[in-house]
Amino acid sequence: MWRRLLQEGAACMLQVADHRFLHQRHFSSVCVRLHQRLLHRQPPCSKLRGKDYLPSCTRAYKKDAKLEFPASPITVTDVKQYLRSKDISFHDGYSCLHVPSVFVEPSERKDSFSLFVDKTTGQFLCKDTLVEGSWEDLQDCLEVMQKDEQDWLSPRVLLGYPESVEELEERERELREVRRVWSSSVPFADLPEDEAQLIKIMFQITKISNATLKKFGVRLFKPTKSLVFPWFGGPDSSLKGVKLLSAQSSDAEKVTYNEATMPKSSSYYNLFGLPLVGRMDPEVVLTGSELDTLAVSQATGFPSVALPRGVSCLPPILLPYLEQFKRVTLWLGDDIRSWEASKIFSRKLGLRRCSLVRPGEGRPRPVEALALGKNFNNIIKSSIPAAHKSIVSFKQLREDVYGELMNTEQVAGVKWARFPELNRILKGHRKGELTVFTGPTGSGKTTFISEFTLDLSMQGVNTLWGSFEINNVRLAKIMLTQFAMQRLEENLEQYDFWADKFEELPLYFMTFHGQQNIKTVLDTMQHAVYLYDINHVIIDNLQFMMGQENLSVDKFAVQDHIIGAFRKFATNSSCHVTLIIHPRKEEDDRELQTASIFGSAKASQEADNVLILQEKKLVTCPGRRSLQVTKNRFDGDVGIFPLDFIKSSLTFSTPKGKHKLRKVTAKPESEEAERGEEAPKVEEVKKEKAAKTTKTQRANKNPAAGSEIMQKKK
């Protein structure tokens, strides 16, 4: 596919002769050099957006589920050294380096430092022209400028590769739908007063004035009774998309909000409220929803913007638009999930300028605080700095402890929908933990863990799969079958329907297969956490990590090093890591235990949770499977429950009828560790005793030989 796109891209370059292109006398040499560079690597991710810009090669509304990491990871030191070697001045920002834009003529530059280079990925964005691309793209442009002795380049030099006809048609269809919804929606000022009040009651925003709604351009789409939030962007501030928000009332007099975006959420990058922010405003309040931004703006007058995907993700492409602020207050919500997201996002934004509004009594989400008449200025002033010292006292932890006691269900984590028995034991899936999963060979470990992670992904947990044992196509086929709950090879006419739904899941795959180096895998995981705010990483399996390490080092020491690295990553990145490890060789009639995990006791010591897929071999029928939790650091509950395998959908379920969830008394962690470490020693002691017994028996049979043995001992 890419070969065809490259050929089409070359044809486009040779056919261009439009008088609108600036500096046309340089166009041929610049484009040929850039094209020659691009032919030797993958197509760039640069996208040219705006009224007169050419379409880009990036699939506008399709998410690439595979995650690749650059062969040589970019560091901020490398970027700085390269810029200095080219005599290019720069400012060191919070999350980006600020560089003079090479895509704007020097005499027309409004802001001398309008090009932003991400310190972590090297991706760049020019805010004046909205040209964006990779670090390699920017290097190519700077090299060509130096050779041709130019002081700037036309934005059109970075020609994108043309999209397929289907992709262009999809983009145009979505844009037509955006315009249709926007033109069909009604401004609140044009609604009858009683109808406008009824809508406000439905959304519980009676305290938000019509003036505020008009200021932010909020409209009503009558066919679905949805609020419409616009996305204006580009040099001409054109309409790029919309978000529709609907409300449903529950019995508890609470409102449940449902949202839909056009274009799809993977391509929706609207910082709602950004057009109203002044270029010189020094501070901003970052919220998790558009309604919260309306409330903050009305109550305080402070600049406020809403994240496009709420607390689930902060796309790095938005960071340049937040660089101007010296102080960023994150007020994302009133629950544990929003508090955790605040701490994660503050790392991207720069800890030293961020402050966090801690959820708790007297500090609800902004739209509720407005309805309750809370003092917004006091709440914002009471926000705590994101940066903290290495040593804290209980006074600083007191609010966190109280928050966990008050929100026990949220602290327990995300619940499984397909495995309710697992919720009773583990209570939920939590960030920052390490889970070790094992089971006999051929018992269905990969099949079970794929459904285990699919369940969480369907509930919004951003998931990254590292499958080194089976390739991604086969893994995706298994997960799609589990998602559709049927074999699609027998219902191919339904494939597109289920594939479209599956594509919307926050699910990504590493492109590795076979043995891999631990450093490369960790770099990729860190890259994914930064780009996609990954909450859950699956490594299948540990043994494939060990083949690339130094063979002269003891294999158990290598395994301990790898497990320690994953433990550190999970803690520092606030990301759950599920590690699949094969067990030791055991007798077929013996159940696996924590000590059965291959290697030393390091795995069970470092793990927060240990899960074992037990299988009882039967001659007449398939083996009976059960899932056993042998370690649970969260609250200590352990237990075992049976599983039935449904071959038609490749899923596991709890058997129908009466079955008991057996809770087992957990043994102390130190005792488990001692058992794991002493297991090899016990075997050695047994061998030594057997050898001594054999010698004694021989001595008893032959007294002469026995006397010789005694003399040797003396």
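1. Considering the overall build of the protein
Okay, so step 1: When helices and strands are tallied, the protein shows 23 helices and 27 strands.
Okay, so step 2: Here the protein holds 714 residues, and the buried ones make up 49% of them.
Okay, so step 3: By element, 51% of the accessible surface of the protein is carried by carbon and sulfur atoms, the whole surface being about 36,300 Å².

2. Brief notes about the packing of helix α18 (residues 518-532) against helix α20 (residues 555-573)
Okay, so step 1: Contact geometry of α18 with α20 gives a least axis separation of 11 Å together with a crossing angle of 10 degrees. By the angle between their directions, the pair α18 and α20 is classed as roughly parallel. Contacts between α18 and α20 pair Ile 518, Leu 522, Met 525, Gln 526 and Val 529 from the former with Ile 562, Ala 565, Phe 566, Phe 569 and Ser 573 from the latter.
Okay, so step 2: Each residue belonging to the contact of α18 with α20 can be placed in one class, and the counts come to eight nonpolar, two polar and no charged.

3. Notes on the pattern of salt bridges
Okay, so step 1: Under the defined criterion, the tally for this structure stands at 23 salt bridges.
Okay, so step 2: We note a salt bridge from Lys 415 to Glu 409, for which the minimum N-O separation is 3.4 Å.
Okay, so step 3: Here Glu 433 ties to Arg 430 by a salt bridge, and the two come within 2.7 Å at their closest N and O atoms. When sorted by exposure, Glu 433 lands in the same class as Arg 430, which is buried.
Okay, so step 4: Sharing partners across several salt bridges, the network here consists of Lys 80, Asp 92 and Lys 119.

4. Observations regarding the pairing of strand β15 (residues 327-331)
Okay, so step 1: Extensive coverage of β15 is indicated by the burial of four of its five residues.
Okay, so step 2: The sheet contact formed by strand β13 (residues 283-287) and β15 spans five bridges and is parallel. Note on β15: the bridge partner recorded for Thr 287 is Trp 331.
Okay, so step 3: Judged from the three bridges that link them, β15 and strand β16 (residues 354-356) form a sheet pairing that is parallel. Across the sheet, Thr 329 pairs through a bridge with Ser 355, a residue of β16.

5. Looking at a nonpolar patch on the surface
Okay, so step 1: Together, Val 392, Phe 394, Leu 397, Val 401 and Leu 405 give the surface a local cluster of nonpolar side chains, amounting to about 460 Å² of exposed area.
Okay, so step 2: Relative to the helices and strands, Val 401 resides in helix α12 (residues 394-406).

6. Notes on the packing of aromatic side chains
One pair of aromatic rings is described through two measures. These are the centre distance and the angle between the planes.
Okay, so step 1: Counted according to the given criterion, the structure contains 20 aromatic pairs.
Okay, so step 2: Centroid distance Phe 103 to Phe 124: 6.0 Å. Interplanar angle 15 degrees. Geometry classified as stacked. Here Phe 103 is found in the loop between β4 (96-99) and β5 (115-118), whereas its partner Phe 124 is found in strand β6 (residues 124-126), with 21 residues between them in sequence. For the residue pair Phe 103 and Phe 124, the accessibility class agrees, reading buried in each case.
Okay, so step 3: Among the aromatic residues, those joined into a ring-pair cluster are Trp 416, Phe 419, Phe 437, Phe 448, Phe 452, Phe 645 and Phe 652.

7. Regarding the pairing of strand β18 (residues 434-438)
Put simply, side chains in a regular strand alternate between the two faces of the sheet.
Okay, so step 1: Buried residues dominate β18, accounting for five of its five residues.
Okay, so step 2: In β18, alternate side chains face the same way, and those of Leu 434, Val 436 and Thr 438 on one face and Thr 435 and Phe 437 on the other are all buried.
Okay, so step 3: Of the pairings in the sheet, the one linking β18 to strand β22 (residues 576-580) comprises four bridges and is parallel in character. Residue Thr 435 lies in a different strand from β22, and its bridge partner there is Thr 578.
Okay, so step 4: Examined bridge by bridge, β18 and strand β23 (residues 609-616) share four bridges and lie parallel to one another. When the sheet's bridge partners are listed, Thr 435 is paired in β23 with Asn 609.

8. Considerations on the side chain of Gln 486
Okay, so step 1: Within the fold, Gln 486 resides in the loop between α16 (472-484) and α17 (495-503).
Okay, so step 2: The class for Gln 486 is buried, based on a relative accessible area of 18%.
Okay, so step 3: A polar atom in the side chain of Gln 486 sits 3.2 Å from the side chain of Asn 491.
Okay, so step 4: Discounting chain neighbours no more than four positions away, the residues touching Gln 486 are Thr 481, Asn 491, Gln 494, Trp 498, Ser 648 and Ser 649.

Each value, and the rule that gives it
- Residues numbered from 1 in each chain as written.
- Predicted model: local features only at pLDDT ≥ 70, side-chain atom pairs only at ≥ 80, totals over all residues.
- Heavy atoms only, no water.
- Helix = DSSP H or I, 4+ residues; strand = E, 2+ residues; numbered from the N terminus.
- Buried < 20%, exposed > 50% of the residue type's maximum accessible area, 1.4 Å probe, protein only.
- Areas by Shrake-Rupley, 256 points an atom, 1.4 Å probe, with all protein chains shown as cover.
- Axes fitted to C-alpha atoms, helices over the stretch in contact; angles between N-to-C directions.
- Parallel < 35°, antiparallel > 145°, perpendicular 65-115°, else oblique.
- Contact = heavy atoms within 4.5 Å.
- Nonpolar A, V, L, I, M, F, W, Y, C, P; charged D, E, K, R; others polar.
- Salt bridge = Lys/Arg side-chain N within 4 Å of Asp/Glu carboxyl O.
- Pairing = 2+ DSSP bridges.
- Patch = residues over 30% accessible without salt bridge, like charges linked within 9 Å, V, L, I, M, F, W, Y side chains within 5 Å.
- Phe/Tyr/Trp six-rings, centres within 6.5 Å; stacked < 30°, edge-to-face > 60°.
- Polar contact = N/O pair within 3.5 Å; in protein donor to acceptor, adjacent residues only side chain to side chain.

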